[in-house]
Amino acid sequence: MSFRLANRSGEAVLLDGDDFWATGTEPMSALARREELHEQWANRGRPDGQVTMAELGPPVPTPLQVFGYGLNYRDHIEEIDRDDPLGAAAGEAPVVFTKFPTCLVGPAASVQLVGDRCDYECELVVVIGVETRNIDERQAWDRVAGLMIGQDISDRALQGAASPPQFSLGKSRSTFGPTGPALVSPDLVPDPDDLAISCRVNGEVRQDSRTSLLLRPVAEMVAYLSSILTLHPGDLVFTGTPGGVGHGQGIYLQPGDRITSEIEGLGTLENTCV
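With respect to helix H2 (residues 34-42)
Phase 1 of the analysis: Among the residues of H2, Arg34, Leu37 and Trp41 are the ones counted as buried. Across the axial projection of H2, the buried residues extend over an arc of 55°, all falling on one side. Residues of H2 that are exposed and point more than 90 degrees away from the buried face comprise Glu35, Glu39 and Ala42.
Phase 2 of the analysis: Check the buried side of H2 and you find it contacts strand S1 (4-8), strand S2 (11-16), helix H1 (27-31) and strand S11 (144-151).

Considering the environment of Leu225
Phase 1 of the analysis: By the element assignment, Leu225 lies in helix H7 (residues 218-226).
Phase 2 of the analysis: Sequence spacing of Leu225 and Phe67 is 158 residues, and the spatial spacing of their C-alpha atoms is 9.0 Å.
Phase 3 of the analysis: With near-sequence residues (within four places) excluded, Leu225 lies in contact with Phe67, Tyr69, Val96, Leu231 and Val237.

Concerning unusual backbone geometry
Phase 1 of the analysis: Omega for the peptide link from Ser163 to Pro164 comes to 5°, which places this bond in the cis form.
Phase 2 of the analysis: Along the chain, Pro164 falls in the loop between helix H5 (156-159) and helix H6 (167-170).
Phase 3 of the analysis: Residue Pro181 follows Gly180 across a cis peptide bond; omega there is -5°.
Phase 4 of the analysis: Residue placement: Pro181 occurs in strand S13 (residues 177-184).
Phase 5 of the analysis: Of note in the backbone geometry, Leu71 takes a positive phi value of approximately 50° without being a glycine.
Phase 6 of the analysis: Secondary-structure assignment places Leu71 in the loop between strand S6 (66-70) and helix H3 (74-79).
Phase 7 of the analysis: In this structure, Asn134 is a non-glycine residue whose phi angle is positive, near 55°.
Phase 8 of the analysis: Tracing the chain through its elements places Asn134 in the loop between strand S10 (122-128) and helix H4 (137-140).

A short note on the side chain of Thr23
Phase 1 of the analysis: Counting through the fold element by element, Thr23 comes out in the loop between strand S3 (19-22) and H1.
Phase 2 of the analysis: In terms of polar contacts, Thr23 uses its side chain to reach the backbone carbonyl oxygen of Ala12, at 2.7 Å.
Phase 3 of the analysis: In this structure the side chain of Thr23 is engaged in a polar contact, spanning 3.5 Å, whose partner is the backbone nitrogen of Thr25.
Phase 4 of the analysis: With near-sequence residues (within four places) excluded, Thr23 lies in contact with Glu11, Ala12, Val13, Leu14, Arg33, Leu37 and Gln40.

Focus on the nonpolar core
Phase 1 of the analysis: With 65 residues, the main nonpolar core has Leu147, Val222, Leu236, Leu253 and Leu266 as its most contacted residues.
Phase 2 of the analysis: No other element matches the 6 residues that S10 contributes to this core.
Phase 3 of the analysis: Contacts of Leu236, omitting those with residues within four sequence positions, involve Val60, Pro63, Gln65, Val66, Phe67, Leu104, Val125, Val126, Val127 and Met148.

Reading the values: the criteria
Residues numbered from 1 in each chain as written. Predicted model: local features only at pLDDT ≥ 70, side-chain atom pairs only at ≥ 80, totals over all residues. Heavy atoms only, no water. Buried < 20%, exposed > 50% of the residue type's maximum accessible area, 1.4 Å probe, protein only. Helix = DSSP H or I, 4+ residues; strand = E, 2+ residues; numbered from the N terminus. Arc of directions from axis to C-beta. Contact = heavy atoms within 4.5 Å. Polar contact = N/O pair within 3.5 Å; in protein donor to acceptor, adjacent residues only side chain to side chain. Core = buried A, V, L, I, M, F, W, Y, C linked by side-chain atoms within 4.5 Å.

So this is what it looks like as structure tokens:
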């Protein structure tokens, strides 16, 4: 079912470049009507207008659950010192945390820095399409509504303020979850298991990888979560970040920094730090 679903000032719209087509509903309701979205996408005619990035909110603004996978790229594990309180050995069980949904903002929203140890993490975000429980990996992609870009902005000081680390709090400050620019159905990307992913800060490439290098691919992540709890339509899964984060280099975000996050076939996020 093909579509690119965006959130234009609280209204669900189909998005193709700068052109949009109104759906007549809000984003969470639209997500539950994917067959209608597909039909409208296939038969879209003259657009209803054009949209700017500044008008776009998070494509899925109020998910019930938001999961984050940690240490899911080998080069990211290697850049995190095992003796560092943010590090964790990659064992058999994955590192999973939550980002509280109130941190979610749109693809051009400002990131409100707190302290002097805030960091960027560009990630592929998976959006669940149907209620899912106890599935195997072969069924996982059938349960995915679409994909989008996410920035897992992290307050490293807060994240490492306790032992064990406070992943969820450190990654859930207000504005610490830019997502978008649209929710893209998996059939509209070249290969949903192998997409180029990159992050630039003030034009300097900091992260440059491919999602095929995920240690635990999307199907495994979705199946694992479904073995523990019920996944609901609209739930988000931040799938992990590749190497190149600021923390590994001792370089943190500063007011005025511009974060550009890009994933092949999904578009770009442009977020300015304030």
